[in-house]
Amino acid sequence: MLVEQRSVADQESDAWYVRASLADHRLFTVLYDRHSAALYRYAHGRVGTDAADDVVSETFLVAFRRRQRYDASRLDARPWLFGILTKEISHYRRRERAHYRAVARCDPVEVVPDLAERAVAGAAAHALRAPLARALADLASRDRDVLLLIAWGGLSYEETAHAIGIPVGTVRSRLNRARGKVSSALGGDDPTRAVEEAM
């Protein structure tokens, strides 16, 4: 009975579908169905709408080609996929930096008061947009990757470590350094901490 329960649980795991896709490639689409939305949201935040489609598609293509090397002891493929995605995003690094610098140069759009709360919230968010974009653009890419995998990708420290192939302690130190720089650039505010605390 216990062996049977393990087998049923294993069949629900990403690892099972990766292994099974070696015999029937159509089963790999389960990973796409499960994780593409999260990967797309993260990629959209990093490289924008146009590039997000490309890097997510390329991520699944690379994952499909490398599926025979997948570590089947890792039941959840999300960190593996985010690791591939992070590498794909590095191909767009120049575009990413240019995007942040362009956002930082944008003039603030005048907020027309509609509802008082909405106007105040919109103005506050807009006021932070340019300095935050500048701060992100000025971060070293390795620090930015860690910060955004946690804040935008929703990965844990351990998942981030697995995704980019570094120790958890290195994740913590890079995150601390990135948060310090972002907080300093925003006059002491750290919008990334609120995101993580809400997880």
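Note that the coordinates shown come from a computational prediction; the quantities given were computed from them, not determined experimentally. (Residues numbered from 1 in each chain as written. Predicted model: local features only at pLDDT ≥ 70, side-chain atom pairs only at ≥ 80, totals over all residues. Heavy atoms only, no water.)

The next thing to look at is the confidence of the model for the protein chain. Summarising the model, the protein chain shows a mean pLDDT of 80, and 75% of its residues fall at 70 or more. Ranking the elements of the protein chain by mean pLDDT puts helix H10 (residues 191–198) last with 50 and helix H2 (residues 14–20) first with 95. Note on residues 1–6: pLDDT is under 50 here. Beyond four places in sequence and across chains, it has zero contacts. Confidence over residues 110–116 falls short of pLDDT 50; this stretch has three contacts with residues more than four positions distant or in other chains. (pLDDT = per-residue confidence, 0-100. Helix = DSSP H or I, 4+ residues; strand = E, 2+ residues; numbered from the N terminus. Contact = heavy atoms within 4.5 Å.)

Along its 18 residues, helix H9 (residues 168–185) runs 26 Å from first to last C-alpha, staying within 8% of the 26 Å computed at 1.5 Å per residue. Along H9, the residues that are buried comprise Val 171, Arg 174, Leu 175, Ala 178, Arg 179, Val 182 and Ser 183. Projected onto a plane normal to the axis of H9, the buried residues spread over an arc of 160 degrees and lie on a single side. Away from its buried face by more than 90 degrees, H9 exposes Asn 176 and Ser 184. One or two residues past the end of H9 sits Gly 187, with phi positive at roughly 70 degrees. (Expected span 1.5 Å × (residues − 1). Buried < 20%, exposed > 50% of the residue type's maximum accessible area, 1.4 Å probe, protein only. Arc of directions from axis to C-beta.)

Before going further, it helps to spend a moment on the packing of aromatic side chains. The full count for this structure, using the stated rule, is five aromatic pairs. Ring centres of Trp 16 and Tyr 17 lie 4.9 Å apart, and the angle between their planes is 85 degrees; this geometry places the pair in the edge-to-face category. You can call Tyr 17 buried: its relative accessible area is 15%. Aromatic side chains Tyr 70 and Trp 80 sit 4.7 Å apart centroid to centroid with 65 degrees between the ring planes, which places their arrangement in the edge-to-face category. Here the residue Tyr 70 occupies a position in the loop between helix H3 (29–65) and helix H4 (78–90), and Trp 80 occupies one in helix H4, the gap between them amounting to ten residues. (Phe/Tyr/Trp six-rings, centres within 6.5 Å; stacked < 30°, edge-to-face > 60°.)

To continue, consider the pattern of salt bridges. By the definition in use, this model includes six salt bridges. The closest approach of N and O atoms between Asp 143 and Arg 177, which form a salt bridge, is 2.8 Å. Of this pair, Asp 143 sits in helix H7 (residues 141–151) while Arg 177 sits in helix H9, and the two are 34 residues apart along the sequence. Residue class for Asp 143 comes out buried when judged on its relative accessible area of 2%. (Salt bridge = Lys/Arg side-chain N within 4 Å of Asp/Glu carboxyl O.)

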